[in-house]
Amino acid sequence: MSANPSDHKENVKIAPADGKLGILIPGLGAVATTTIAGVEAVRRGLGKPIGSLTQLATIRLGKRTDNNTPYIRDFVPLAKLDQLVFGGWDIFNDNCYEAAKNANVLEAPLLEKLREPLEAIKPMSAVFDQEYVKRITGPNVKKSKDKWELVQALIDDIKTFKEKSGATRATMIWCGSTETFKKPTAVHQTVASFEAGLKSSDSEIAPSQMYAYAALVSGVPFANGAPNLTTDIPAMLELSRERNIPICGKDFKTGQTFMKTVLAPGFKARMLGMSGWFSTNILGNRDGEVLEDPGSFKTKEETKLSVLDEILQPGLYPDLYKDLYHAVRINYYPPRGDSKEGWDNIDIFGWLGYPMQIKVDFLCRDSILAAPLVLDLVLFLDLAQRAGMRGIQEWLSFYFKGPMTAPGLYPEHDLFIQLMKLKNTLRWMQGEDLITHLGRDYYD
Ligand SMILES: NC(=O)c1ccc[n+]([C@@H]2O[C@H](COP(=O)([O-])OP(=O)(O)OC[C@H]3O[C@@H](n4cnc5c(N)ncnc54)[C@H](O)[C@@H]3O)[C@@H](O)[C@H]2O)c1
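Residues numbered from 1 in each chain as written. Predicted model: local features only at pLDDT ≥ 70, side-chain atom pairs only at ≥ 80, totals over all residues.

1. Thoughts on the sheet that holds strand 8 (residues 325-332)
In step 1: If you trace the 4 strands from one edge of the open sheet to the other, you get 8-7-9-10, paired in mixed fashion. Every other strand in the sheet has two partners, leaving strand 8 and strand 10 (355-363) as the edge strands with one partner each. Neighbour-to-neighbour, the strand axes of the sheet open up by a mean angle of 10 degrees, direction not taken into account.
In step 2: Note that strand 7 (residues 273-283) and strand 8 share 8 bridges and pair parallel. Following the sheet pairing, Ile 282 is matched in strand 8 by Asn 331.
In step 3: Against the sheet, helix 12 (residues 256-269) engages strand 7, strand 9 (341-349) and strand 10, with an angle of about 15 degrees to strand 9. (Pairing = 2+ DSSP bridges. Helix = DSSP H or I, 4+ residues; strand = E, 2+ residues; numbered from the N terminus. Axes fitted to C-alpha atoms, helices over the stretch in contact; angles between N-to-C directions. Contact = placed C-beta atoms within 7 Å.)

Shown next, in the form of structure tokens:
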């Protein structure tokens, strides 16, 4: 892709967002039901989509003196909320109303008002493997002779969902539980080896990878909201490029890591040193329960830990960051439910090495922070697909703890650089001048 906006007018043609857009979600738990209920509430004027760039943010075009800042939703052709239709899979049979009630994020009076549309969303039977998520079991699971057949069943589910809902397009976003930690193996290297692995039911192929494969071969873009490997393997990159489908991931950047990627670039910008960052969390939702398992925690720990190293670049700044001690803990604590508490103790040092401390205590709500990200991601992925963009969508790094990048490229974690990249990508799509913040022309 060229960064020259004048190329755009010939190259980026964005198909209109006509008809219904299907949102397919593996994992109808706290995050998914808070998203769906939220969209239904906003449609009915019962709440505002706080936290969503696609619904609330503006984008500056041209010079600061031009006073031209349309809403993003008016600047690029996004699907509207009343064009969205939802479907999904879960290992539990609860419909979305029951699942939202169990998740206990949104208050009962609001859910009562949304009961009808939420009850209508019943989970399709899931592809599930206990080896990947140890702490939960459920009855609504597909049985088949091999993984290839399971994937065919998911492809059928997608087709049936589109037919029944009348959706002309769809996007899929993984909101399922965090799977156990895995590294890519031989089966993940090419589309051919992956397909052979499906046929031999290779134990290294995770359920989330089967959903992703089913999505991509069905022409459906895929986002990964959890830290699982899922699409971070050569076979999926190959498939997404071959089929011209956008993908992105992984692990929603919502609470503690969101704060980390706001604060750490600030310390680094001022060349302040750091000797330690200790992060701990208590949370009591089902996500917290799943993360009690060491395998699932390890997956989460990896995305949470990588952020600081990549922001601070200790190799470039040994005086400031080479001895940084960084630890992340998550403790399952049922009384808190979805209302998590994340503490951070940050040991920094300044001029002549004098030490200072910062404490952050973020009393957040996991799914309230995640829901607008889910909405933005499905709308932007759909836009990307209509704009003919394929493979990894690095401009959506803004939403992730562990942004996917081209092989060999380190990810950009700084939230504000990510935001600039996102907005410049939208400008580029629409043939507008990119904003570099140089601003010399104001003073000439
Ligand atoms: N702020 C946040 O909430 C946040 C931030 C980053 C990442 N995440 C990730 O998002 C995911 C969802 O979080 P949540 O709080 O909604 O969790 P949750 O436990 O409430 O929901 C996950 C759902 O996925 C289902 N599931 C598990 N495996 C499945 C499979 N193979 N197929 C279909 N369904 C399956 C479970 O039954 C459960 O209902 C988790 O992986 C979590 O780590 C959440």
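Still more ground to cover, so stick around.
2. Topic: the sheet that holds strand 6 (residues 246-249)
In step 1: In space, the 7 strands of this open sheet follow the order 3-2-1-4-5-6-11, with parallel pairing throughout. Of all the strands in the sheet, just strand 3 (124-125) and strand 11 (391-392) have a single pairing partner and so form its edges.
In step 2: Relative to strand 3, strand 2 (residues 84-90) is paired through 2 bridges, and the arrangement is parallel. Directly across from Trp 89, in strand 3, lies its bridge partner Met 124.

3. Side note on unusual backbone geometry
In step 1: For the bond running from Gly 249 to Lys 250, omega is -10 degrees, close enough to zero to count as cis.
In step 2: Looking at the element boundaries, Lys 250 is found in the loop between strand 6 and helix 12.
In step 3: One non-glycine residue, Leu 352, lies in positive phi territory at about 65 degrees.
In step 4: Turning to its location among the elements, Leu 352 is positioned in the loop between strand 9 and strand 10.
In step 5: For Leu 352, a count of 5 C-beta atoms within 10 Å corresponds to the exposed category. (Buried ≥ 20, exposed ≤ 12 C-beta atoms within 10 Å, placed from the backbone.)

4. Regarding the site of the ligand
In step 1: Of all residues adjacent to the ligand, which total 37 residues, the nearest are Gly 27, Gly 29, Val 31, Ala 226 and Arg 286.
In step 2: Counting only elements with at least two residues in the shell around the ligand, the list comes to helix 2 (30-43), strand 2, helix 13 (286-290) and helix 16 (366-386).
In step 3: Of the residues forming the shell around the ligand, the biggest block, 4 residues, is contributed by helix 16. (Near = placed C-beta within 6 Å.)

5. What about the pairing of strand 4 (residues 167-174)?
In step 1: Counted residue by residue, strand 4 has 7 buried out of 8 residues, so it is predominantly covered.
In step 2: As paired elements, strand 1 (residues 20-26) and strand 4 share 5 bridges and run parallel to each other. If you follow Leu 21 over to strand 4, its bridge partner there is Arg 169.
In step 3: When strand 4 meets strand 5 (residues 222-224), the two strands line up parallel, connected through 3 bridges. In the sheet register, Met 172 faces strand 5, and the bridge partner there is Phe 222.

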